[in-house]
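An overview of the molecular structure
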Amino acid sequence: MAKQPMLKFVHTAKEMPQKRDADVRSHDFNEIYREFADEKAKEQASRCSQCGVPYCHTHCPLHNNIPDWLRLTAEGRLQEAYEISQATNTFPEICGRICPQDRLCEGNCVIEQSGHGTVTIGAVEKYITDTAWDMGWVKPIKPATERAESVGIIGAGPGGLAAADVLRRAGVQVTVYDRYDRAGGLLTYGIPGFKLEKDIVMQRVKQLEDGGVEFVLNCNVGTDISFDAIRGKHDAVLIATGVYKTRELTDPGSDAAGIVRAIDYLTVSNKLSFGDEVPEFEDGTLNAEGKRVVVIGGGDTAMDCVRTAIRQGATSVKCLYRRDRANMPGSQREVQNAEEEGVEFVWLAAPAGFSGNPVSSVTVQKMRLGAPDASGRQSPEKIEGGLYEEEADLVIKALGFEPEDLANQWESKDLETTRWGTVKASFGTHATSIPGVYAVGDIVRGASLVVWAIRDGREAGDAILRYLENQAAVAAE
Ligand SMILES: Cc1cc2nc3c(=O)[nH]c(=O)nc-3n(C[C@H](O)[C@H](O)[C@H](O)COP(=O)(O)OP(=O)(O)OC[C@H]3O[C@@H](n4cnc5c(N)ncnc54)[C@H](O)[C@@H]3O)c2cc1C
Ligand code: SF4
């Protein structure tokens, strides 16, 4: 008898989270949902009208063949659905969980456009690949032949890992360097476990490790090893370092204790999901329990902070954003989720200062939207006299990220950067100004999305293979 899909999680990663504080609720939900997952996935997949103008496909950065795998899922042909899905996406179960589908595939579903509610494409994609893992359909990485060339990848986020997958499958020797103690980049230490369970990320890291990718962790390039040394060790190099410089506040009192960076807060929370002991959590510095929390910012990072603070048991969580709801950069779905969980949004509000050390309140400046600027976006303006105090024991700064100055940090003046500080790389090949050096993901695009980093990584992997072949041809002449 054919093996039936099992409706349970399979933990295969070497490094399994021991403690799941923050993601318990989402797991409970998934476990209940999973009893009906097969039925639900089929029901959703059969809603696809096979419209023939698949805007979902066009608006997916990976151009996934969505109508095809929906049709196969509706017909119960899950293994074939998986084969098609994985052909264009290195980590479909990850994208299915955390892509902002409302802005990508699902937002452009013809059924959504006609007012009948989108097919839940992301949930079906997640279901197909989770089932593939459970059923053993996900094949190990086994190159047909080994090649002598080696590639050094700096950064183990989705961009670096997607490229590692392409290169290793082609038999190239791949070493991935990362300054964190675990691979995965923001998949591991940025995005909270209630959106993306950590064993799902570690399962992919293990697949790469088992396939022969070498990970050199706790290795900060520029400090522990120079960029030039990495170039000297490998035939080609890929920079996939992401963007980590936090935009800071300059208002009076903003250096008080209790005012923290979003990335530090989320990293600690994610480390707890692995069962790590984290002193900054234990001593309360980066723990929202029993606190009045104010998060400043309106992007997806701010949404992750407010939702994490709720899960940690904050007494109140408020999110200050200087524009209104319609003009916030974060996903509307995330705002709705946060509101349902008890977060209060204070629109048209910006910090003007902080009292106390440790912080005890935020001085809030009320704003209004003025005339549109050159980009067409209305600029926030202060309302004269519109100041009030908002009590707070923990203030989390989630104002966005900028690239670090790699050319200077790595003493590599020939690495061209843009006026925004991102690395200049060619569209399509991702080649930088230095021959044999490529760059992908947020360090090229600025803060972006996982799915774009995966696309870049896949493309760069292919471009590096062509480069290695050209080099071999030149050497043979
Ligand atoms: C809190 C948060 C939530 C997010 N949520 C979502 C979401 O829900 N959906 C979505 O699509 N996107 C989300 N994003 C964006 C997404 O995570 C990024 O766009 C994506 O991870 C970028 O991938 P990357 O490979 O370019 O870089 P990263 O994932 O940032 O990985 C870069 C890696 O490089 C390493 N590194 C950096 N410098 C060095 C160095 N000098 N030496 C060695 N290693 C180095 C870092 O340690 C890191 O592991 C979120 C971002 C944040 C901050
Ligand atoms: S990768 Fe993202 S955008 Fe593409 S189909 Fe999957 S969820 Fe949608």
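As a convention, each chain's residues are numbered from 1 in the sequence order in which they are written. As they are written, the chains are lettered A onward and the ligands numbered 1 onward, keeping that order. Per-residue local features of the predicted model are confined to residues with pLDDT of at least 70, and side-chain atom pairs are confined, for both listing and counting, to 80 or more; whole-chain, interface and lining totals are unaffected and use all residues. Only heavy atoms go into the side-chain values, all of them from the structure, while hydrogens and water stay out.

1. Some thoughts on the overall build of the protein
How we decide: Secondary structure elements follow DSSP: runs of H or I no shorter than four residues count as helices, runs of E no shorter than two count as strands, and numbering proceeds from the N terminus. Radius of gyration means the value over C-alpha atoms here, while the globule rule gives 2.2 Å times the residue count to the 0.38 power. For the exposure calls, accessible area comes from a 1.4 Å probe over protein chains only, and a residue counts as buried if that area is under 20% of its type's maximum, exposed if over 50%, partly exposed in between. Any two residues whose heavy atoms approach within 4.5 Å at even a single point are treated as in contact. The method behind every accessible area is Shrake-Rupley, applied with a 1.4 Å probe, and residues are considered shielded solely by the protein chains displayed.
Across its full length, the protein carries 19 helices and 15 strands. Computed over its C-alpha atoms, the radius of gyration of the protein comes to 23 Å, within 12% of the 23 Å expected for a compact globule of 477 residues. Seen along its three principal axes, the alpha-carbon backbone of the protein occupies a region of about 75 × 55 × 50 Å. Counting all 477 residues of the protein, 55% fall into the buried class. Considering only contacts within the protein whose residues lie at least 6 apart along the sequence, 70% involve residues at least 24 apart. As presented, the protein carries roughly 20,700 Å² of accessible surface, and 50% of it is formed by carbon and sulfur atoms.

2. Topic: the sheet that holds strand 11 (residues 361-372)
Let me state the cut-off plainly: A pair of strands counts as paired when DSSP detects no fewer than two bridges linking them. A fitted line through C-alpha atoms serves as each axis, taken over the contacting stretch for helices, and the angle formed by two N-to-C directions is quoted from 0 to 180°.
Reading across the sheet, the three strands line up as 10-11-12 and stay open at both edges, with antiparallel pairing between neighbours. A single partner strand is all that each edge strand has here, and the edge strands are strand 10 (349-355) and strand 12 (378-391). Geometrically, the sheet is characterised by an average inter-axis angle of 20° between neighbouring strands, direction not taken into account. With nine bridges connecting them, strand 11 and strand 12 associate as antiparallel partners. Note that in strand 12 the partner of V362 across the bridge is E390.

3. Some thoughts on the UniProt feature "domain: FAD/NAD(P)-binding" (unreviewed entry) in the protein
What counts here: UniProt positions are given in the numbering used here, feature names are shortened, and annotations may be inferred rather than shown by experiment.
In the UniProt entry, the feature "domain: FAD/NAD(P)-binding" (unreviewed entry) is given for residues 151-457. Along residues 151-457 the backbone is 29% helical and 25% strand, and the end-to-end C-alpha distance reaches 13 Å.

4. Examining the pattern of salt bridges
Quick reminder of the rule: In the sections that follow, a salt bridge refers to a side-chain nitrogen of Lys or Arg positioned within 4 Å of a carboxyl oxygen of Asp or Glu.
In total, this model carries 34 salt bridges according to the counting rule given. Salt-bridge contacts for K397 lead to E248; the nearest nitrogen and oxygen are separated by 2.6 Å. Remark: E248 occurs in the loop between strand 5 (245-246) and strand 6 (259-261) and K397 occurs in strand 13 (residues 394-397); sequence separation between them is 149 residues. Assessed through its relative accessible area of 8%, K397 is described here as buried. Since its relative accessible area comes to 43%, E248 is described here as partly exposed. Linking E344 and K318 is a salt bridge whose minimum nitrogen-to-oxygen distance equals 4.0 Å. Of this pair, E344 sits in strand 9 (residues 344-346) while K318 sits in strand 8 (residues 316-320), placing them 26 residues apart in sequence. We classify E344 as partly exposed; its relative accessible area is 41%. Shared partners join several salt bridges into a network, and the residues in it are K195, D304, R307, R311, E334 and E341.

5. Considering the site of ligand 2
Using the following cut-off: It suffices for a single heavy atom of a residue to lie within 4 Å of a molecule or strand for the residue to be listed as near it. Three classes are used: nonpolar for Ala, Val, Leu, Ile, Met, Phe, Trp, Tyr, Cys and Pro, charged for Asp, Glu, Lys and Arg, and polar for all others, with Gly counted as polar.
Neighbouring residues of ligand 2: C60, P61, N64, I66, N89, C95, C99, Q101, L104, C105, E125 and V451. Partitioning the shell around ligand 2 into residue classes produces eight nonpolar, three polar and one charged.

6. Observations concerning the site of ligand 1
Surveying the vicinity of ligand 1 reveals 34 residues, the closest of which are I98, D178, V221, Y244 and D442. Burial of ligand 1 by the protein amounts to 96% of the accessible area it has alone, namely 1,000 Å². Per-class residue counts for the shell around ligand 1 are 18 nonpolar, 11 polar and five charged.

7. Observations concerning the sheet that holds strand 7 (residues 292-296)
Pairing is parallel in the open sheet, where five strands are placed in the order 6-13-7-8-9. Two strands lie at the open edges of the sheet, namely strand 6 and strand 9, each paired on one side alone. Here the average twist between neighbouring strands, direction ignored, is 25°.

8. A short note on the packing of aromatic side chains
Short version of the rule: Stacked, tilted and edge-to-face are the three classes assigned to paired rings of Phe, Tyr and Trp, where Trp is represented by its six-membered ring and a pair needs centres within 6.5 Å; plane angles under 30 degrees give stacked, over 60 edge-to-face, the rest tilted. Charge over a ring is defined by NZ of Lys or CZ of Arg lying within 6 Å of the ring centre and within 35 degrees of the ring normal.
Taken as a whole and assessed by the stated rule, the structure comprises six aromatic pairs. Arranged with centres 4.8 Å apart and planes meeting at 25°, the rings of F227 and W410 form a pair that is stacked. Taken together, the residues F227 in helix 12 (residues 227-233) and W410 in the loop between helix 17 (406-409) and strand 15 (437-439) connect sequence positions 183 residues apart. Exposure class is identical for F227 and W410. Each is buried. Members of the aromatic cluster, connected to one another through ring pairs, are Y180, Y189, Y244 and F274. Of note, R182 hangs over the ring of F274, and the distance from its end group to the ring centre comes to 3.9 Å.

9. Quick notes on the pairing of strand 8
Spelled out, the test is: We call a crossover right-handed when, viewed with the strands running away from us, the connection from the first strand over the helix to the second turns clockwise.
Burial runs high along strand 8: four of the five residues are buried. In terms of strand pairing, strand 7 meets strand 8 through five bridges, oriented parallel. Bridge pairing in strand 8 places I296 opposite L320. In this fold, the crossover linking strand 7 to strand 8 by way of helix 15 (residues 300-311) has right-handed handedness. Bridging between strand 8 and strand 9 involves three bridges; their strand directions are parallel. Each residue of the ladder has a partner; that of C319, found in strand 9, is F345. Handedness of the β-α-β unit built from strand 8, helix 16 (residues 332-341) and strand 9 comes out right-handed.

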